[in-house]
Amino acid sequence: MKDILVIRLSAIGDVLLTTPVLARLKKIYGGARIHFLVKEKYAGFIAASPHADDIILWKDGESLFDVKNKIAALGIRFDLLLDLQSNLKSRMLSLLVPANLRRRYHKPYLNRLLLVYLKKNRYTEKKKISERYLEAIQDIDAGPLTEKVSLKRGKLLKPLQRFAEGAILIAPGARWATKRWPGEYFVSLASKILEKHSTKKVIWLGGPDEKELFDFLAKHPYLVRHAKRMLFLADQLDVPQMAALADAVEVIVCNDSGLMHLLSAAETPLVALFLSTVEEFGFYPLGKNAEVLAARDIACRPCNHKGLPECPKKHFRCARELTADQVYGEVVKHLQLPAK
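Note that the structure is predicted; figures quoted are calculated from it, not measured.

A. View of the overall build of the protein chain. When helices and strands are counted, the protein chain shows 15 helices and 11 strands. Relative to the compact-globule value of 20 Å for 340 residues, the protein chain shows a C-alpha radius of gyration of 21 Å, a close match. Its C-alpha atoms give the protein chain principal-axis dimensions of about 65 × 50 × 40 Å. Scored against the burial criterion, the 340 residues of the protein chain give a buried share of 56%. Of all intrachain contacts in the protein chain linking residues separated by at least 6 positions in sequence, the fraction that spans at least 24 positions is 68%. Working note: accessible area of the protein chain is about 15700 Å², and carbon and sulfur atoms make up 51% of it. Here the protein chain holds 54 positive side-chain charges and 37 negative ones, and the gap between their average locations is 1 Å.

Here it is, written out as structure tokens:
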């Protein structure tokens, strides 16, 4: 097998969770070249994979036939076309692109709808999305998922590398409001860490959407006194650098977000906060040192499989009942503390 086309157009977490599949394909077909079709805004995340050889961009404004013609211009008849997006657009495209073998990821639509709207859980096991992706090629390779998110590492500036040693990395953002632990809870968590452990530091990591939140955190009276022991990185690092930063810190705390999957590429202990979503959907971190914390007895949870702009019930109990004390209790288990 020489040429493989993988289609996953969006979004950050979904794209990153294809990397174990790419690694498996490289093991099965050592000499194969993997071409990856992705929306332009997410290209940086798959470009950081060591197993994606050629990135094909679906740019804003391009039609299905524009992209079909772009692929046709490569002059390749693909040995395998693997559709991991599995929506109408990707299915139509997969029929238009020449390929000897076509495989497609099957989304568990019914199970998802029953769990969200009727609270009937028909998921027989908690299966990672990467495992479900692999099921698309189970007739080719039926082995269990062994790979994790794999990303190239960038080089950190020496001052950042030194600051990261012994630091707790906190990524407080997420695309949807119902997946974001409240800012004041992150204040409480960080203040506990900084007050109780005088040698520890906190690095706040996020994208451009977190700049307002970071301003709130930096100026909060509970945290401003610890300004020299905090560092705010909003949209300042590329994907390989963020992966390297995750390697360098002591513990990671993050919401259920695309950034969570990026950070899970490290061996660093990771505490993921799941609010309105649940692990059954499969989007929990792959890392062997990762754990999920959630307020478990919330009858309306999950309210959506992706997240929503606001809590439909207006109480946001799934966030409010996951306390800073609970999260701190898990974080402190992973801190390297001086002997008493």
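B. Representation of the packing of aromatic side chains in the model. Using the criterion set out here, one finds seven aromatic pairs in the structure. Between Phe186 and Trp204, the ring centres sit 6.4 Å apart and the planes meet at 80°, which makes this aromatic pair edge-to-face. Taken together, the residues Phe186 in helix H9 (residues 183–196) and Trp204 in strand S7 (residues 201–206) connect sequence positions 18 residues apart. Since its relative accessible area comes to 0%, Phe186 is described here as buried. Judged by centre distance (6.0 Å) and plane angle (5°), the rings of Trp204 and Phe232 are stacked. Separated by 28 residues along the polypeptide, Trp204 in strand S7 and Phe232 in strand S8 (residues 230–234) bring together distant segments of the chain.

C. Geometry of the side chain of His197. Structurally, His197 can be placed in the loop between H9 and S7. Under the relative-accessibility criterion, His197 is labelled buried at 11%. Apart from the residues within four sequence positions on either side, His197 is in contact with Lys192, Arg229, Tyr328, Val332, Leu335 and Leu337.

D. Up close: the pattern of salt bridges. According to the stated counting rule, one finds 22 salt bridges in the structure shown. Of the charged contacts, one joins Arg225 and Glu195 as a salt bridge, the two residues approaching to 3.4 Å between their closest N and O atoms. Of this pair, Arg225 sits in the loop between helix H11 (221–224) and S8 while Glu195 sits in helix H9, and the two are 30 residues apart along the sequence. When its relative accessible area of 56% is taken as the criterion, Arg225 is described as exposed. When the shortest N-O distance is used, the salt bridge between Glu250 and Lys200 registers 3.1 Å. Placement of the pair is Glu250 in the loop between helix H12 (239–248) and strand S9 (251–255) and Lys200 in the loop between H9 and S7, with a sequence separation of 50 residues. By relative accessible area, which is 9% here, Glu250 ends up buried. Via salt bridges that share partners, Arg24, Lys27, Asp141 and Glu147 belong to a single interconnected network.

Basis of the calculations
- Residues numbered from 1 in each chain as written.
- Predicted model: local features only at pLDDT ≥ 70, side-chain atom pairs only at ≥ 80, totals over all residues.
- Heavy atoms only, no water.
- Helix = DSSP H or I, 4+ residues; strand = E, 2+ residues; numbered from the N terminus.
- Rg over C-alpha atoms; globule rule 2.2 N^0.38 Å.
- Buried < 20%, exposed > 50% of the residue type's maximum accessible area, 1.4 Å probe, protein only.
- Contact = heavy atoms within 4.5 Å.
- Areas by Shrake-Rupley, 256 points an atom, 1.4 Å probe, with all protein chains shown as cover.
- Lys, Arg positive; Asp, Glu negative; His and termini not counted.
- Charge placed at Lys NZ, Arg CZ, Asp CG, Glu CD.
- Phe/Tyr/Trp six-rings, centres within 6.5 Å; stacked < 30°, edge-to-face > 60°.
- Salt bridge = Lys/Arg side-chain N within 4 Å of Asp/Glu carboxyl O.

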